[in-house]
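Coordinates in review
The chain contents come next:
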Amino acid sequence: MPMTLTAAQNATARSPATATFRVLPKMTKHEIKEYLTKIYDLPVKKVNTMNYMGKRKRAIGRRKIIYYKYRDFKKAIVTFDSSLKDVGKGVKMDDTNEGER
């Protein structure tokens, strides 16, 4: 799981396009920016990151209680340059066929 896209917003008149990713906790802002620009050729303007601790859980069985923890992760909010208007997520395709009339 190097990067997983969780949310994306297209650009508006006031705000640029943004995308939210779940990344490995050891990735830095510079690595995230370099990854997106070199592999996907995206114009990244700014990267903000937040660290999250994995949630702790308890499972109660008949004889014992088992404790476990989800994996830690980092959330990266990427702001793209003004040249990128459409992120491409959630594009609705037109169902009408013009040639069948």
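Refer to the structure presented above.
Given the structure is predicted, the values throughout are model-derived calculations rather than measurements.

1. Brief notes about the overall build of the protein
- Looking only at helices and strands, the protein has one helix and six strands in total.
- Partitioning the contacts of the protein with sequence separation of at least 6, the portion at a separation of at least 24 is 55%.
- Carbon and sulfur atoms make up 50% of the accessible area of the protein, which amounts to about 8,500 Å² in all.

2. Overview of the packing of aromatic side chains
- Counted under the stated rule, the structure contains three aromatic pairs.
- Seen from their ring centres, Y35 and Y40 are 6.1 Å apart, and the 70 degrees between their planes marks the pair as edge-to-face.
- Here the aromatic rings of Y52 and F73 are separated by 5.0 Å at their centres, their planes lie at 15 degrees, and the arrangement is stacked. Linking Y52 in strand β3 (residues 44–52) with F73 in strand β6 (residues 73–80), this pair joins segments that are 21 residues apart in sequence.
- The exposure class assigned to Y52 is partly exposed, which follows from its relative accessible area of 33%.
- Above the ring of F73, the side-chain terminus of R22 is found at 3.7 Å from the ring centroid.

3. Quick look at the sheet that holds β3
- Reading across from one edge, β1-β2-β6-β3 is the order of the four strands in this open sheet, with antiparallel pairing throughout. In this open sheet, the two edge strands, each paired with only one partner strand, are β1 (3–9) and β3. Taking the axes of each pair of neighbouring strands and ignoring which way they run, one obtains an average angle of 20 degrees across the sheet.
- Bridging between strand β2 (residues 18–23) and β6 involves six bridges; their strand directions are antiparallel. In the sheet register, T18 faces β6, and the bridge partner there is T79.

What counts, and at which threshold
- Residues numbered from 1 in each chain as written.
- Predicted model: local features only at pLDDT ≥ 70, side-chain atom pairs only at ≥ 80, totals over all residues.
- Heavy atoms only, no water.
- Helix = DSSP H or I, 4+ residues; strand = E, 2+ residues; numbered from the N terminus.
- Contact = heavy atoms within 4.5 Å.
- Areas by Shrake-Rupley, 256 points an atom, 1.4 Å probe, with all protein chains shown as cover.
- Phe/Tyr/Trp six-rings, centres within 6.5 Å; stacked < 30°, edge-to-face > 60°.
- Buried < 20%, exposed > 50% of the residue type's maximum accessible area, 1.4 Å probe, protein only.
- Lys NZ or Arg CZ within 6 Å of the ring centre and 35° of its normal.
- Pairing = 2+ DSSP bridges.
- Axes fitted to C-alpha atoms, helices over the stretch in contact; angles between N-to-C directions.

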